[in-house]
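# Coordinate inspection notes
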Amino acid sequence: MENIIKCKIFKFEDNINTDIIISGKYLRTEDTNIFKEHAFEVLRGDNFYKQINKGDVIFAKRNFGCGSSREQAALAVKELGVSMLIAKSFGRIFYRNIINLGLPAYILKENSQLDELIDKIEENDNITVFPDKGELVIESKNIHLEFYKITGIAKNIIEAGGLLNYAKKELSNNSM
Amino acid sequence: MANIIEKIIKNKINSKFSTGDIVEIPVDWAMVHDGTIVLTRKHFVSIANKVFNKEKIFVIIDHLYPPNNENTANFLKKTRDFVREQGITNFYEGGEGICHQIILENEKIKAGDFFVGADSHSSTIGARYCLAMGVGATDMAYIFATGKTWIRIPPAIKVLIKGKLTNKIMSKDIFLELAKLIKTDGAIYKGLVFETEEPFSLDDRATLCNMGIEVGAKFTIFEPYEKEYLNLKSDNNSDFEKIIEIDLDEVYPNVACPHDIDNVIPVSQIKETKIDVAFIGTCTGGRLSNFKTAANILKGKKINSNVRMIIGPASKSILLQMIKENILQVFIDAGAIIIPPGCGPCLGGHLGVLGENEVCISTANRNFLGRMGSKNSSIYLGSAETVAKSALAGYIIS
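Residues numbered from 1 in each chain as written. Chains lettered and ligands numbered in written order. Predicted model: local features only at pLDDT ≥ 70, side-chain atom pairs only at ≥ 80, totals over all residues.

## A closer look at the overall build of chain A
Summing up its helical and strand segments, chain A has 8 helices and 7 strands in all. A globule of 176 residues ought to have a C-alpha radius of gyration of about 16 Å, and chain A, at 16 Å, matches this closely. Seen through its principal axes, chain A has C-alpha atoms that stretch 50 × 40 × 25 Å. Burial status across chain A gives 46% buried among its 176 residues. Within chain A, counting contacts between residues at least 6 apart in sequence, those at least 24 apart form 66% of the total. (Helix = DSSP H or I, 4+ residues; strand = E, 2+ residues; numbered from the N terminus. Rg over C-alpha atoms; globule rule 2.2 N^0.38 Å. Buried ≥ 20, exposed ≤ 12 C-beta atoms within 10 Å, placed from the backbone. Contact = placed C-beta atoms within 7 Å.)

## Some thoughts on the pairing of strand β5 (residues 114-117) of chain B
All names here are of chain B. Going residue by residue along β5, you find F114 and V116 tucked away on one face and F115 and G117 tucked away on the opposite face as well. Taken together, the 3 bridges between strand β2 (residues 29-33) and β5 define a ladder with parallel strand orientation. Bridge pairing in β5 links A30 to V116. (Pairing = 2+ DSSP bridges.)

## A closer look at the environment of B:C130
Residue and element names in this part refer to chain B. Mapped onto the fold, C130 is located in the loop between β5 and β6 (131-134). For C130, a count of 27 C-beta atoms within 10 Å corresponds to the buried category. Taking the C-alpha atoms as reference points, C130 and D247, separated by 117 residues in sequence, lie 26 Å from one another.

## Some remarks on unusual backbone geometry
For the bond from B:Y65 to B:P66, the omega torsion is -10°, close enough to zero to count as cis. In this structure, A:F40 is a non-glycine residue whose phi angle is positive, near 60°. Position of A:F40 among the secondary structure elements: in the loop between α2 (32-37) and α3 (41-44). Residue A:F40 is classed as buried on the basis of its C-beta count, with 21 C-beta atoms lying within 10 Å.

## Things to note about the domain arrangement of chain B
Residue and element names in this part refer to chain B. Per the domain assignment, the segments of chain B are domain 1 (4-248) and domain 2 (254-393). Domain 1 and domain 2 are separated by 24 Å when their C-alpha centres are compared. Each side of the interface is counted separately: domain 1 has 32 residues, and domain 2 has 31 residues. Those elements giving two or more residues to the side of domain 1 that touches domain 2 turn out to be α4 (99-105), α6 (171-182) and α7 (202-210). Of all the elements, α6 adds the most residues to the side of domain 1 that touches domain 2, at 6 residues. The class makeup of the residues in the side of domain 1 that touches domain 2 is 9 nonpolar, 13 polar and 10 charged. (Domains from an automatic or database assignment. Nonpolar A, V, L, I, M, F, W, Y, C, P; charged D, E, K, R; others polar.)

## Quick look at the packing of helix α9 (residues 288-298) of chain B against helix α12 (residues 384-393) of chain B
All names here are of chain B. Axis separation between α9 and α12 bottoms out at 8 Å; the angle between their running directions is 30°. Considered as vectors, α9 and α12 are oriented roughly parallel to each other. Taken as a pair, α9 and α12 cross one another with a handedness that is right-handed. In contact with N290, F291, T293, A294, I297 and L298 of α9, α12 contributes A384, E385, V387, A388 and K389. The residue inventory of the contact of α9 with α12, partitioned by class, reads 7 nonpolar, 2 polar and 2 charged. (Axes fitted to C-alpha atoms, helices over the stretch in contact; angles between N-to-C directions. Parallel < 35°, antiparallel > 145°, perpendicular 65-115°, else oblique. Left-handed = near helix turned anticlockwise from the far one by under 90°.)

## Quick word on the interface of chain B and chain A
Facing the 42 residues of chain B at the interface are 34 residues of chain A. Counting only elements with at least two residues in the side of chain B that touches chain A, the list comes to α2 (37-47), α3 (70-86) and α5 (137-146) of chain B. Here the side of chain B that touches chain A takes 6 residues from α2(B), the largest share from any one element.

## Description of helix α4 (residues 71-79) of chain A
Owing to its 3.6 residues per turn, the α-helix brings residues three or four apart onto one side. All names here are of chain A. In terms of burial, α4 is largely enclosed, as 8 of its 9 residues are buried. Within the span of α4, buried status applies to E71, Q72, A73, A74, L75, A76, V77 and K78. Phi turns positive, to about 95°, at G81, one or two residues after α4.

## Looking at the nonpolar core
By size, the foremost hydrophobic cluster in this structure holds 175 residues, and its most contacted members are A:V77, A:L85 and A:I86. Of all the elements, α5(B) adds the most residues to this core, at 7 residues. Split by domain, this core shows at least three residues from each of two domains, domain 1 (4-248) and domain 2 (254-393) of chain B. Setting aside residues up to four positions removed in sequence, A:V77 forms contacts with A:I21, A:A39, A:I58, A:V82, A:L85 and A:I98. (Core = buried A, V, L, I, M, F, W, Y, C linked by C-beta atoms within 7 Å.)

## Some words on α6(B)
Residues and elements named next belong to chain B. The end-to-end C-alpha separation of α6 is 17 Å, in line with the 16 Å expected for 12 residues at 1.5 Å each. Buried residues dominate α6, accounting for 10 of its 12 residues. Listed as buried for α6 are S171, K172, D173, I174, F175, L176, E177, L178, A179 and I182. (Expected span 1.5 Å × (residues − 1).)

Shown next as structure tokens:
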């Protein structure tokens, strides 16, 4: 059966760094609820997490998640309950962290009108994503975009539900 | 024809590869600090019992030390327990210095090694011709368990620095020039290789390698000058996606304005910007040469009465050298305070958090919104020289 996601968009601009996603003062805890509750606080104020419904999509311009290696930023996004992230590009450590947590992050394919189309997309727009085809549609704006499908080891990690599950399987196979 | 990044990878793995391939690679050294060990430890114990090699792991306390509250103190206890249980031999207690500086000073680590740190500025050791990358906690937990990771072979950009580094500017100004040119995502998913016409000092190489992540780079490394390391140097005509030339004659003192690192203008063009805090320190700008430059400016003078100045040596050995060379005295006489070797206020945890509408000029690497405290505060980034002169004037000047 084909995998189709229909949900709402939360839109972000260029260079949303990991300090914005979760501030340094909230890092010393293992309680992932803290990360969720303070996610994007400097940008979106308190209680941003209450606006997000399970499955919603984070849609960003370039370099989303740039900056620090703090995995708390990726955890914060995961704990918000979003189903995926879509962006023009991601900070590479954040990208690895997101994949390692089992959440797909899709990179948009370049096209000559991409920036113009992204500018038309607004917060709360409804989006339909076809992960298997690498396509997304925003019907109300008549926007169709393509993104790179996730392949190779990243795909295996996501299918395992994250790197830790993937590692458990690998380590138990090795010991047999 | 291989570039320096490909050469180092080739020495580590048996299989052939091309740009874009994903390869599994053994890790020579793995590093965590008190910030990233929290989740690394939590994840590691869920997949394994024993670390892959207790002599190949560095655990360094630098981000929040001495502990700023009870919660931090408890996590530090857990960190020490973990180190003891695992028998990890390379453990550095708080006050020894910032992880990247401790690594830079460590003689066990050799040119050509593959180094992975759970911190985005891990590429600092690229200054000693190691291939280094930053990762998150889950990747590090996997490395702790298996001693390996995987990487995509990145395309590389060469930054060719022409001319001589004189006392007109500092290496920080060069990086800010690069950030202005290629923007914060200019090297995203790519290797960044610095080459200079004239040899740069270790401190200057470290500043440039440290900041590679600020333009998105996966690896940042210097081409070697020394005879014994020339085997690692990129072959002539090796593959670079792009070569960027920076002529030092055309670089002037720069400042990165809030809240992005590529928001760079020459200091001479900045409108009058009053400052509340002047901070010299961090893994970018807290080395001996930075303090020497600043001390020459501050000697016999007092900082502006509206400014608080914070001096944070990047390591204990730097601090000791500052004492020996009477540099510490200069800062104290000028009205600055000295904080223990470590990250200090760079990430807004302690020792100089910024309040509402406060403005800081700093030698650090990030001026992100709210990083050092209030979301209404502002961070400007410049060289140690710019910070010292600004501390005297009370506004940003070079």
